[in-house]
Amino acid sequence: CRCCADSRRHSSILYNILRSEERAASPAGQGPRRGPASRGCPCGSRRRVALKSPQVACKAASAVLVKTLRFVQNVPCFQELPLDEQLLLVRSCWAPLLVLGLAQDRVHFETVESAEPSMLQRILTTRRQGEQSPPREAAPGRPHHGPGTPHPPSAGEIQAIKGFLAKCWSLDISTKEYAYLKGTVLFNPDLPGLQCTRYIEGLQREAQQALNEHVRLIHRGDEARFAKLNVVLSLLRSINANVIAELFFRPIIGAVNMDDMLLEMLCAKL
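Thresholds applied
Residues numbered from 1 in each chain as written. Predicted model: local features only at pLDDT ≥ 70, side-chain atom pairs only at ≥ 80, totals over all residues. Heavy atoms only, no water. Helix = DSSP H or I, 4+ residues; strand = E, 2+ residues; numbered from the N terminus. Buried < 20%, exposed > 50% of the residue type's maximum accessible area, 1.4 Å probe, protein only. Contact = heavy atoms within 4.5 Å. Areas by Shrake-Rupley, 256 points an atom, 1.4 Å probe, with all protein chains shown as cover. Phe/Tyr/Trp six-rings, centres within 6.5 Å; stacked < 30°, edge-to-face > 60°. Lys NZ or Arg CZ within 6 Å of the ring centre and 35° of its normal. Core = buried A, V, L, I, M, F, W, Y, C linked by side-chain atoms within 4.5 Å. Expected span 1.5 Å × (residues − 1). pLDDT = per-residue confidence, 0-100.

A.B. asks: Please set out the overall build of the chain residue by residue, giving values where relevant.
C.D. replies: Tallying secondary structure elements over the chain gives 13 helices and two strands in all. Put simply, the chain has 270 residues, and 33% of those count as buried. For the chain, restricting intrachain contacts to residue pairs at least 6 apart in sequence, the fraction spanning at least 24 positions comes to 83%. By element, 52% of the accessible surface of the chain is carried by carbon and sulfur atoms, the whole surface being about 16,900 Å².

A.B. asks: Give a description of the packing of aromatic side chains that names residues and reports values.
C.D. replies: Under the defined criterion, the tally for this structure stands at two aromatic pairs. Taken together, a centroid distance of 6.2 Å and an interplanar angle of 65° make the contact between Trp94 and Phe249 edge-to-face. Placement of Trp94 in helix H5 (residues 83-104) and of Phe249 in the loop between helix H11 (241-248) and helix H12 (250-253) is noted, with a sequence separation of 155 residues between them. Taken together, a centroid distance of 5.4 Å and an interplanar angle of 85° make the contact between Phe109 and Phe248 edge-to-face. Here Phe109, found in the loop between H5 and strand E2 (111-113), pairs with Phe248, found in helix H11; they are 139 residues apart in sequence, far enough to count as distant. Using a relative accessible area of 5% as the deciding quantity, one classes Phe109 as buried. Looking at Phe248, the relative accessible area reads 0%, which means it is buried. The ring centre of Phe109 lies 5.3 Å from the NZ or CZ of Lys162, which sits over that ring. Between Lys182 and the ring centre of Phe71, over which it is positioned, the NZ or CZ distance is 5.3 Å.

A.B. asks: How would you explain the nonpolar core if you had to name every residue and give the values?
C.D. replies: In a soluble, globular protein the nonpolar side chains are often hidden away together inside. Counting 62 residues, the largest nonpolar core has Phe78, Trp94, Ile244 and Phe248 as the members making the most contacts within it. With 12 residues, H5 is the largest single contributor of residues to this core. For Trp94, the residues in contact, after removing those within four places along its chain, are Leu65, Ala241, Ile244, Ala245, Phe249, Met258 and Leu262.

A.B. asks: Go over helix H8 (residues 175-186) with me, naming the residues and quoting the values.
C.D. replies: Taking 1.5 Å per residue, 12 residues should reach 16 Å; H8 reaches 16 Å between its end C-alpha atoms and fits that length. Turning to H8, its buried residues are Glu177, Tyr178, Leu181, Lys182, Gly183, Thr184, Val185 and Leu186. Where H8 is buried, its residues touch helix H3 (54-73), helix H4 (76-79), H5, helix H7 (155-171), helix H9 (197-218) and helix H10 (225-235).

A.B. asks: Account for the confidence of the model for the chain, naming residues and giving values.
C.D. replies: Mean pLDDT over the chain stands at 79; residues scoring 70 or higher make up 69%. Considering each helix and strand of the chain separately, the mean pLDDT is smallest for helix H1 (residues 2-11), with a value of 47, and largest for H8, with 97. Here residues 2-11 is modelled with pLDDT under 50, and outside its nearest four sequence neighbours on either side it reaches 12 contacts, counting other chains as well. Below pLDDT 50 for its whole length, residues 31-40 participates in two contacts with residues either more than four positions away or in separate chains.

A.B. asks: Tell me what's going on with unusual backbone geometry, and back it up with residues and numbers.
C.D. replies: Unlike most non-glycine residues, Arg106 shows phi in positive territory, near 50°. When you line up the elements, Arg106 lands in the loop between H5 and E2. The class for Arg106 is partly exposed, based on a relative accessible area of 42%.

This is the structure in structure tokens:
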């Protein structure tokens, strides 16, 4: 859109040089004129952001990840599955489970706008990297990104995470409810490649039934609570695992392969 194009033009090195010369030539006391774009870009949700206090937030998220995998390991039905089935389930749901854990532990975090390199800077950086070393081939089925190339999440993606946390906190979800929600997320029978599909489908059904019975017993006056908790599950579909990894883990451990880390943690006694 035009507003985004104006923003990129204004952030380029060439534009800044021209603007500095224009300001130097303008009469004293007269600042640059403000155009309509300065009143706020409707594409603000696309701005790239980063954690304001990465050490604090990343440490909290890492602790939640350990607690989450410990919870998974302590589910007896999960331990009865073959290891490859366990890993497939964890790889697909670690991010939603982590966000549920952030909500349960009431982890708050703030973000700040991240400065993006201009088009000229990206061209020069890419050319310099190409001169230093030949590009490595990407693994089949996976997009290739340079190991040191960050991909900061957008403000819209962070807003989705914060909106989910706010929804959970507004419902004041109990420990048991969180456990049943996690069970529903963990045992997803729709994943391609699963062999124990019927067994896993039965486990998910049991988690939903247990949640429904718990809600009817504890919240007898709130007939809509079970539906509200299922809305929470639907909101989890908008959570992107790559965004979670970039936001909470790249700042402290760099370009991490989450699959390798999850396998290592899953096989360890947490």
